[in-house]
Amino acid sequence: MNDNILEVRRLDTEFRTRRGTVKAVSDVSFSIRRGSTLALVGESGCGKSVTSLSILRLVQPPGEITGGEILFNNRDLLKLDAEEMRRIRGREIAMIFQDPMTSLNPVYTVGDQIAEAIELHERLSRKQARVKTVEMMERVRIPDAARRVDDYPFQLSGGMRQRVMIAMALVCNPNLLIADEPTTALDVTIQAEILELLRDLKDDFDLSVLLITHDLGVVAETADRVAVMYAGRIVEEAPVRDIFHAPKHPYTEGLLRSVPRLSSAGQRQRLDTIEGAVPSLLDLPRGCAFAPRCRYVMADCSKETIPLLAVTEARSSRCIRFDRVGEVMTQ
Amino acid sequence: MNENGKDILIEVRGLRKYFPVGNRLFGAGGEMVRAVDDISFAIRRGETFGLVGESGCGKSTTGRCILRLIEPTAGEIIFEGRDLLSLNATEMRRARRDMQIIFQDPYSSLNPRMRVGEIIEEPLLIHRVGSRRERQERVTELLKLVGLDAEHATRYPHEFSGGQRQRIGIARALALDPKFIVCDEPVSALDVSVQAQIVNLLEDLQSRLDLTYLFISHGLAVVEHISTRVGIMYLGKIVETASSEEIFRNPVHPYTRALLSAIPVPDPDVKRQRLPIEGDIPTPVNPPSGCRFRTRCPVVEPRCAEMEPEMVEVSEGHFVACMVIAPGGEKM
């Protein structure tokens, strides 16, 4: 049996707009090993969320998946019909989003919403569904679950709402959880609790996780492997320690250096920055999209599209000078 | 100027802001949200005072009260020796030339129908500064100061990225040559690489223009980086203040400790020892008696419910409001 629960191969997702075709995701390939967590990292607009929506085939027009394969347990999701896909969503692949307030229906109790998720996929009586709902709420550590089950979303704090979302996602025992910025809207103390909860549940439910985030601290704590996205492409993919200790793409390096760190040097130092701004996806530069901002740039970078190059067996980089990256990182 | 505090630019004393709880329609009434409840601190000339806390702790309300963008319920705000709360509308408008604000969201704080040049010029017009020509020159100068081009003046905000919009907001804040700027989560909506550019810009401007900042943020790493001194807020109160270095290296208050231990470290080899705190933040409508953190505190004692802790100096310039860890602050 294949070790990878998910293999995304050369995925392209485009949005046709009046101003032209936006290549939101291009040539994206990665795989997630069973039981592991892959973090998809990047700044706004890099295509990380569109990638996750593509996996669930939830991209709305004018967006469209124009190429590639998405192998989930060796089946290509892009070849399934709508009914087959619906059975996969929720039951085998579940998703949680950034903002639990807008993903929950304000006029139903949280218990009703969790129970609905159960009833959609399992044949249970109302009573049984309610018992299972309370049980699920306890597993995501909502205190006093038997009473909270009748609360409406607005009666819960942000952290509790995110727990409800997680309960809904896990209620049908999915194999893969896609978590799109699950803690971004939360305060740091609540974030820490939710991350801990997700870590524990991952083991309990035997989950594989695709974590989408822009927060490198969250990545360092949660991920086994990391894929860094820039302007619609994966620019580097590696085990988490390699990404943080020896980045092999100039963008990854720049990103790591621009993060202010707690109590690092003691005295104030200027933060490193990546000069310039992300290019428009409507009008990407020829060759490497990062070249205009790169400190290692040379003429060859702008000649043709750079493929993902193998750095070692375990990692790859979309940079023809990857062996030079790290030379400026000398502190 | 205050005699014993020559280098103090602004001092907040006993600031309170209570908001009536809505829902008047149904006759509930009398209840108040105590968003800011008796806080005091001083900011020295040229320094950056970081105000940190989680959502709803009252940090933004504090920033706005200082500029009187919302009217405080009680307290004093002494700016260069004068209590701003005693000023009438005309005097206050004049005083505002010296104090400006930069907002979090560069998308909603700039008027989309105005050109960038007009946005930056507007404060000059309101305060009737200079001739038309002089104002144009000033706009050009300001654009360059924040790292934009003179040609950008004729464009509209939507043509700019988040980072550039924040630069426009900063240029507008600088138009009247202020002494003091409230930076209310100025980088929270920005991507990390852009965040670093704006933080560096704020630091450069501070040294070039001799500015004093109140830097409000929930991002602790950014606050540590930019601040000279830091105040930690919880539920309308400041629970601890110290120099930035001291507070991050040697946090004393149980809430500060829990907060700092919750931050994920961007290094997979560092194993964080999280000090968990229980439950959720209580409502500011009916905050706990005594110490407000006691309902979630790992070292709580019975007396914490009876008395409100006062700030005690635990080492030079390091103040903590906790009777258990920093005894001596018992107020009867």
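Residues numbered from 1 in each chain as written. Chains lettered and ligands numbered in written order. Predicted model: local features only at pLDDT ≥ 70, side-chain atom pairs only at ≥ 80, totals over all residues. Heavy atoms only, no water.

Draft legend 1. Fine view of the overall build of chain B. A tally of helices and strands in chain B yields nine helices and twelve strands. Its C-alpha radius of gyration of 21 Å places chain B within 12% of the 20 Å reference for a compact globule of 332 residues. By its C-alpha atoms, chain B is 65 × 55 × 50 Å across when sized along the principal axes. By residue count, 53% of the 332 residues in chain B fall in the buried class. A fraction of 64% describes how many contacts in chain B between residues 6 or more apart in sequence connect residues 24 or more apart. For chain B, the accessible area works out to roughly 14,900 Å², and carbon and sulfur atoms hold 47% of it. (Helix = DSSP H or I, 4+ residues; strand = E, 2+ residues; numbered from the N terminus. Rg over C-alpha atoms; globule rule 2.2 N^0.38 Å. Buried < 20%, exposed > 50% of the residue type's maximum accessible area, 1.4 Å probe, protein only. Contact = heavy atoms within 4.5 Å. Areas by Shrake-Rupley, 256 points an atom, 1.4 Å probe, with all protein chains shown as cover.)

Draft legend 2. Structural context of the interface of chain B and chain A. Listed by partner, the interface residues are 39 residues for chain B and 39 residues for chain A. In total, chain B and chain A occlude about 3,600 Å² of area from one another, counting both sides; carbon and sulfur atoms represent 51% of this. Counting the surface chain B buries against chain A, the share from its top three residues, B:P266, B:P268 and B:R274, is 17%. At the junction of chain B with chain A, the criterion picks out three salt bridges. Put simply, B:R274 and A:E196 hold a salt bridge, and the shortest N to O gap is 2.7 Å. Applying the counting rule to chain B against chain A returns twelve residue pairs in polar contact (both at pLDDT 80 or more). Listed by contribution, the elements that provide at least two residues to the side of chain B that touches chain A are α6 (192-209), α7 (220-226), α8 (244-249) and α9 (254-261) of chain B. (Buried area = accessible area lost by both parts, 1.4 Å probe. Salt bridge = Lys/Arg side-chain N within 4 Å of Asp/Glu carboxyl O. Polar contact = N/O pair within 3.5 Å; in protein donor to acceptor, adjacent residues only side chain to side chain.)

Draft legend 3. Main features of the packing of aromatic side chains. Tallying each qualifying case throughout the model produces eight aromatic pairs over all chains. Here A:Y230 and A:F290 contribute two aromatic rings whose centre-to-centre distance is 5.2 Å and whose plane-to-plane angle is 85°, an arrangement assigned as edge-to-face. Within this pair, whereas A:Y230 is found in strand β9 (residues 225-230), its partner A:F290 is found in the loop between α11 (250-258) and β11 (309-312), the two being separated by 60 residues in sequence. Across the pair, A:F290 and A:Y230 agree in class, each one buried. Ring centres of B:F41 and B:F49 lie 4.8 Å apart, and the angle between their planes is 0°; on these two criteria the pair is classed as stacked. Residue classification places B:F49 among the buried residues on the basis of a relative accessible area of 1%. One aromatic cluster is present, formed by A:Y230, A:Y251 and A:F290 through successive ring pairs. (Phe/Tyr/Trp six-rings, centres within 6.5 Å; stacked < 30°, edge-to-face > 60°.)

Draft legend 4. Representation of the sheet that holds strand β4 (residues 74-79) of chain B. All names here are of chain B. Strand order in the open sheet formed by four strands is β2-β1-β4-β5, with antiparallel pairing between adjacent strands. Looking at which strands have only one partner, the edges of the open sheet turn out to be β2 (32-44) and β5 (82-83). Both β4 and β5 contribute to a ladder of two bridges, which runs antiparallel. The residue of β5 that forms the bridge with I78 is D83. Contacts from helix α1 (residues 59-66) reach β1 (8-20), β2 and β4 within the one sheet, and its direction differs from that of β1 by about 115°. (Pairing = 2+ DSSP bridges. Axes fitted to C-alpha atoms, helices over the stretch in contact; angles between N-to-C directions.)

Draft legend 5. Local environment of the packing of helix α3 (residues 116-126) of chain B against helix α4 (residues 132-145) of chain B. Residues and elements named next belong to chain B. Between α3 and α4, the least distance of the axes is 9 Å, while the angle of their chain directions is 120°. The angle between the axes of α3 and α4 places the two elements in the oblique class. α3 and α4 meet at a crossing whose hand is right-handed. Residues V116, G117, I120, E121, L124 and L125 of α3 pack against R135, Q136, R138, V139, L142 and L143 of α4. Of the residues contributing to the contact of α3 with α4, the split by class is seven nonpolar, two polar and three charged. (Parallel < 35°, antiparallel > 145°, perpendicular 65-115°, else oblique. Left-handed = near helix turned anticlockwise from the far one by under 90°. Nonpolar A, V, L, I, M, F, W, Y, C, P; charged D, E, K, R; others polar.)

Draft legend 6. Region of interest: the side chain of B:Q100. All names here are of chain B. Of note, Q100 is situated in strand β6 (residues 99-102). Judged by its relative accessible area of 15%, Q100 falls in the buried class. Beyond its immediate stretch of four places on either side in the chain, Q100 contacts L67, A173, L176, P178, F180, I181 and V182.

Draft legend 7. Highlighting the nonpolar core. Among the nonpolar cores identified, the biggest contains 70 residues, and A:I166 and A:L177 are the most heavily contacted of them. B:L110, B:I198, B:L259 and B:L260 belong to the second-largest nonpolar core, a separate cluster that totals 62 residues. (Core = buried A, V, L, I, M, F, W, Y, C linked by side-chain atoms within 4.5 Å.)

Draft legend 8. Looking closely at the state of the cysteines. Under the counting rule described, the total for this entry stands at zero disulfides over all chains. With no disulfide of its own, A:C46 lies 15 Å from the sulfur of A:C288, the closest cysteine sulfur. (Disulfide = S-S within 2.5 Å.)

Draft legend 9. The arrangement of empty space enclosed by the protein in detail. In this structure the tally under the stated criterion is seven cavities of 30 Å³ or more. For the largest cavity, the calculated volume is near 90 Å³. Of the residues assigned to the lining of the largest cavity, the class counts are six nonpolar, three polar and two charged. (1 Å grid on protein atoms, 1.4 Å probe; cavity = no way out; pocket = protein on both sides within 12 Å on 5 of 7 lines; lining within 4 Å. Points joined across faces, edges and corners; volume = space filled by probe spheres on them.)

Draft legend 10. Spatial organisation of the pairing of strand β2 (residues 20-33) of chain A. Residue and element names in this part refer to chain A. Summarising the sheet, strand β1 (residues 4-17) and β2 pair through ten bridges and their orientation is antiparallel. Within β2, the residue paired with R16 across the bridge is T21. What sits between β1 and β2 in their antiparallel hairpin is a turn of two residues.

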